[in-house]
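# Structural characterization, general
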Amino acid sequence: MPNASSWSASSPLLLLWEDSSGTRIFLSLLYAVLAISGTLSNVMVIYLVFSFKKLQTTSNAFIVNGCAADLSVCALWMPQEAVLGLLPPNSSSLRSAEYRLLRGGLLGLGLTVSLASHLLVAFNRYVLITKLPSVYQALYQRRHTGCMIGLSWALALLPVPLLPGLWTLGSAQSDGSSRYTALLLALAVLGQTALLLHCYLGIVRRVRGSAKRLPSPAAPPPPRRAQRRLSSVSVLLLCCVFLLGTQPLVWVSLLGFFLRPAPPALQAASWLLLCSLSALNPLLYTWRSEEFRRAARSVLPRG
C-alpha cells in the first residue's frame, strides 16, 4: 500500500489512505455541499449578468470569467471528489493515471483562471477609481477586455503539456516534481496576492483621500458611485477572505520545499481552503452591489 506522501503527490483527491471512513464521509459531504452551493451561486451570477443590461459592465465581465472558471471546480471537479471519497481506497478509479490527470487538469485550469480573474477585477477597479476616466476608457475597450479574458485562459492552458511528467507513478520522480510544482504554485500565488493587495489598498487610500479634501474646479470629480459600491469595509472583507483561502497553501508549500513537509492533514486542509474560494467568489463580488441584489430579487421566488 502506498504511503501518505506518494498518495498526496500522485492524486488531487484531498483524502489519505489512512483516513477513517468517518473522515472520508465527512469530507465527501463537505465537497457535496460546496459543489452544490458553488454551482448554484456561480450560475446565478452568470445568468444575472447576461440577463440584465445594467450589470453588463467591464468589471462584471471579469467576474463572469471567474465564475466560469469556478464552475470547472464546483460543477466538474468537486462532485467527483465527493463520490470518490466514498469508494474504498483500493478502487480502480483512484488508481487510473489518466483519470487522475483529467481531474488534476480540471482543478488546475479552474483555479488558475479564477485567481487571474481576481487580479483582473482588482486592477479594473483600481484604474476606475484612481485614474482619469479617459485612461479607463482607453484601456478597457471591448477588444482589450476580450484579450485580457482570453489571456487568462491561455496562461492556464500553458502547463497542460507538463502534466504527464508531473503525474508520473515513480515515487522519487513524483516527489521531486511535486516539490518544485508546489514551489512554483506558491510563488505565483504570492505574486498575484501582492498585486491584488496593492490595487485594493490603493483604492482605499484614494477613497479616504477624496473624502478628506475638497475637490478643486480643475480636478476631475471622484467616481462617487464606484466608491459607494466598494467601501473600505467590503474591500477589507474581500482581502481577508482571499488571504485566508490562499495563504495557508502558500506557506505549507514553502515549508515543504525549504524545511520539511507539513503533515498530510495540514496539506489537505490548505488545498480545501483554496478550493472553497470557488464557491465563495460569487458572493464576495456581489453582496455589496445593489444592482445585483435588485436583479436577484426580480428572478427569485418571492417570500
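Bear in mind the structure is a predicted one, so any value in this text is a computation, not a measurement. Residue indices begin from 1 for each chain and proceed along its sequence in written order. Whole-chain, interface and lining totals are the exception, using all residues; otherwise, since this is a predicted model, local features are given only for residues with pLDDT of at least 70 and side-chain atom pairs are given and counted only at 80 or more. Remark: hydrogens and water are excluded; side-chain values derive from all non-hydrogen atoms of the structure.

## Some thoughts on the UniProt feature "transmembrane region" (unreviewed entry) in the protein
- Per the UniProt record, the feature "transmembrane region" (unreviewed entry) sits at residues 25-50, 62-80, 100-123, 144-162, 182-203, 233-259 and 265-287.
- Within residues 62-80, the helical portion is 100% and the strand portion 0%, while the C-alpha atoms at the span's ends are 27 Å from each other.
- Under the scheme used here, helices are H or I runs from DSSP no shorter than 4 residues and strands are E runs no shorter than 2 residues, and both carry numbers assigned from the N terminus. Secondary structure content for residues 265-287 is 96% helix and 0% strand, while the C-alpha to C-alpha distance between its ends is 32 Å. UniProt positions are given in the numbering used here, feature names are shortened, and annotations may be inferred rather than shown by experiment.

## Section: the side chain of Thr145
- Within the fold, Thr145 resides in helix H7 (residues 142-157).
- Accessible area is worked out with a 1.4 Å probe on protein chains only. A residue is then buried under 20% of its type maximum, exposed over 50%, and partly exposed in between. Judged by relative accessible area, which is 8%, Thr145 ranks as buried.
- In what follows, residue pairs with any heavy atoms lying within 4.5 Å of each other are defined as contacts. Discounting residues that sit within four places of it in the chain, Thr145 has contacts with Thr58, Ala61, Phe62 and Tyr140.

## Quick look at a nonpolar patch on the surface
- Exposure above 30% relative accessible area and the lack of any salt bridge qualify a residue for a patch; like charges then connect within 9 Å, and the nonpolar side chains Val, Leu, Ile, Met, Phe, Trp and Tyr within 5 Å. Computed with a 1.4 Å probe, the accessible areas rest on the Shrake-Rupley method; for each residue, only the protein chains presented here act as cover. Definition used for salt bridges: Asp or Glu carboxyl oxygen within 4 Å of a side-chain nitrogen of Lys or Arg. Taken together, the side chains of Ile25, Leu29 and Leu86 make up a nonpolar region of the molecular surface, amounting to roughly 300 Å² of accessible area.
- Looking at the element boundaries, Leu29 is found in helix H2 (residues 21-51).
- Of the residues examined, Leu29 reaches a relative accessible area of 54% and is grouped as exposed.

## What to know about the nonpolar core
- Core analysis: the largest hydrophobic core is formed by 59 residues, its most contacted members being Trp77, Met78, Tyr200 and Tyr285.
- Of all the secondary structure elements, the ones that give two or more residues to this core are H2, helix H3 (58-84), helix H5 (97-130), helix H9 (171-212), helix H11 (232-258), helix H12 (264-286) and helix H13 (290-299). Only buried residues count toward a nonpolar core, which is a set of Ala, Val, Leu, Ile, Met, Phe, Trp, Tyr and Cys residues joined through side-chain atoms within 4.5 Å.

## Re empty space enclosed by the protein
- Each cavity reported here is a set of points on a 1 Å grid over the protein atoms alone in which a 1.4 Å probe fits but cannot get out, each pocket an open set with protein on both sides within 12 Å along at least five of seven lines, and each lining residue one with an atom within 4 Å of a point. Grid points are joined across faces, edges and corners, and a volume is the space filled by probe spheres set on the points. Taken as a whole and judged by the stated rule, the model has two cavities of 30 Å³ or more.
- Each pocket or cavity is described by its volume, and for the largest cavity that value is around 80 Å³.
- Around the largest cavity, the lining residues are Phe62, Ile63, Gly66, Cys67, Asp70, Ser114, Ser117, His118, Val121, Asn281, Pro282 and Tyr285.
- Contributing elements (two or more residues each) for the lining of the largest cavity: H3, H5 and H12.
- Ranked by residues supplied to the lining of the largest cavity, first place goes to H3 with five residues.
- Residue classes follow a fixed rule: Ala, Val, Leu, Ile, Met, Phe, Trp, Tyr, Cys and Pro count as nonpolar, while Asp, Glu, Lys and Arg count as charged, and any other residue, Gly among them, counts as polar. Broken down by class, the residue content of the lining of the largest cavity amounts to six nonpolar, five polar and one charged.
- Computed from the structure, the second largest cavity encloses a volume of approximately 40 Å³.
- Lining the second largest cavity, in full, are Leu111, Ser114, Leu115, His118, Leu274, Leu277, Ser278 and Asn281.

## Details of the confidence of the model for the protein
- Scored by pLDDT, the protein has a mean of 78; 75% of the residues are at 70 or more.
- Averaged pLDDT values over the elements of the protein bottom out at 38 in helix H1 (residues 4-10) and peak at 92 in helix H6 (residues 133-139).
- A residue's pLDDT is the predictor's confidence in that residue, given on a scale from 0 to 100. The low-confidence segment residues 164-174, where pLDDT is below 50, has 16 contacts with residues more than four positions distant or belonging to other chains.
- Note that pLDDT drops below 50 for residues 225-229; the model gives that stretch 10 contacts with residues more than four away or on any other chain.

## Concerning the packing of H2 against H3
- Orientation is described by axes fitted as lines to C-alpha atoms, over the contacting stretch for helices, and by angles from 0 to 180 degrees between their N-to-C directions. It is at 8 Å that the axes of H2 and H3 come closest, and there the two elements cross at 155°. As summarised for this structure, H2 and H3 are arranged roughly antiparallel, according to the angle between their axes. Considering how the two elements wind past one another, H2 and H3 form a crossing that is left-handed.
- Grouping the constituent residues of the contact of H2 with H3 by class yields 21 nonpolar, five polar and three charged. Any angle between 65 and 115 degrees counts as roughly perpendicular, while under 35 counts as roughly parallel, over 145 as roughly antiparallel, and the rest as oblique. Rotating anticlockwise by less than a right angle from the far helix to the near helix defines a left-handed crossing, while the corresponding clockwise rotation defines a right-handed one.

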